[in-house]
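The lines below spell out each chain.
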Amino acid sequence: MGGASRLYLRLRREDRLLLHERAATRGMASATYVSVLVRSHLRAIVPLPKAELAALKQAVSELGAIGRNLNQITRAANQGARIAGPGRDEFKAILKVCEALRDHTKSLIKVNTASWACGYAENTP
């Protein structure tokens, strides 16, 4: 980190255990967790750890791929091409997947925001 400096603090044993548990739940080192927590508090931001950010990026990528495929099918259908692929049921299934992915992403963001606000990282659905 550019311009970063070390800060030393004392914690009660039980607080140290809680810190270690919460940091581990987020896949972070305890010192990194404290640093992110303090920074988020000082700057009023909700941090998004690397693993959670990677999951969101993957979801966005999957949605992009689905969108491109649907655009290709729509373009071909609008040009009068006979579509031998997905029918009504398949499109319903695709829509269901998109809605589930949307809901899961919303839930991930909600849980992430709530966990940083109260200090507990809950398991994401």
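Model, not experiment: these values are computed from the prediction. (Residues numbered from 1 in each chain as written. Predicted model: local features only at pLDDT ≥ 70, side-chain atom pairs only at ≥ 80, totals over all residues. Heavy atoms only, no water.)

**Focus: the overall build of the protein**
Regarding its fold elements, the protein presents 4 helices and 0 strands. Residues counted as buried form 20% of the 125 residues belonging to the protein. Excluding contacts between residues fewer than 6 apart, the proportion of contacts in the protein whose partners are at least 24 apart in sequence is 54%. Here the protein has roughly 10000 Å² of accessible surface; of this, 56% comes from carbon and sulfur atoms. (Helix = DSSP H or I, 4+ residues; strand = E, 2+ residues; numbered from the N terminus. Buried < 20%, exposed > 50% of the residue type's maximum accessible area, 1.4 Å probe, protein only. Contact = heavy atoms within 4.5 Å. Areas by Shrake-Rupley, 256 points an atom, 1.4 Å probe, with all protein chains shown as cover.)

**Describing the confidence of the model for the protein**
Predicted coordinates in areas of low pLDDT are best not read in detail. Mean pLDDT over the protein: 79, with 88% of residues reaching 70 or higher. The secondary-structure element of the protein with the lowest mean pLDDT is helix H4 (residues 88-118), recorded at 78, while helix H1 (residues 13-25) shows the highest, at 90. Long-range and interchain partners of residues 121-125, a stretch whose pLDDT sits below 50, account for 9 contacts in this model, where long-range means more than four residues apart. (pLDDT = per-residue confidence, 0-100.)

**Examining the side chain of Thr 105**
Along the chain, the position of Thr 105 falls in helix H4. For Thr 105, a relative accessible area of 19% translates into the label buried. Once you skip the residues sitting within four places of it in the chain, Thr 105 turns out to touch Leu 56 and Ala 59.

**Comments concerning a nonpolar patch on the surface**
Nonpolar side chains collect at one region of the surface, where Leu 7, Leu 9 and Leu 11 lie side by side and expose about 330 Å² of accessible area between them. The topology assignment puts Leu 11 in the segment before H1. (Patch = residues over 30% accessible without salt bridge, like charges linked within 9 Å, V, L, I, M, F, W, Y side chains within 5 Å. Salt bridge = Lys/Arg side-chain N within 4 Å of Asp/Glu carboxyl O.)

**Quick look at the layout of surface pockets**
Over the atoms a probe the size of a water molecule is rolled, and this reveals where empty space is left. Approximately 810 Å³ is the volume found for the largest pocket. Contributing to the lining of the largest pocket are 22 residues, with Ser 5, Leu 7, Ala 31, Val 34 and Ser 35 lying nearest its centre. Of all the secondary-structure elements, those providing two or more residues to the lining of the largest pocket are H1 and helix H2 (30-43). Per element, the largest residue contribution to the lining of the largest pocket is 10 residues, and it comes from H2. When its residues are assigned to classes, the lining of the largest pocket shows 14 nonpolar, 5 polar and 3 charged. (1 Å grid on protein atoms, 1.4 Å probe; cavity = no way out; pocket = protein on both sides within 12 Å on 5 of 7 lines; lining within 4 Å. Points joined across faces, edges and corners; volume = space filled by probe spheres on them. Nonpolar A, V, L, I, M, F, W, Y, C, P; charged D, E, K, R; others polar.)

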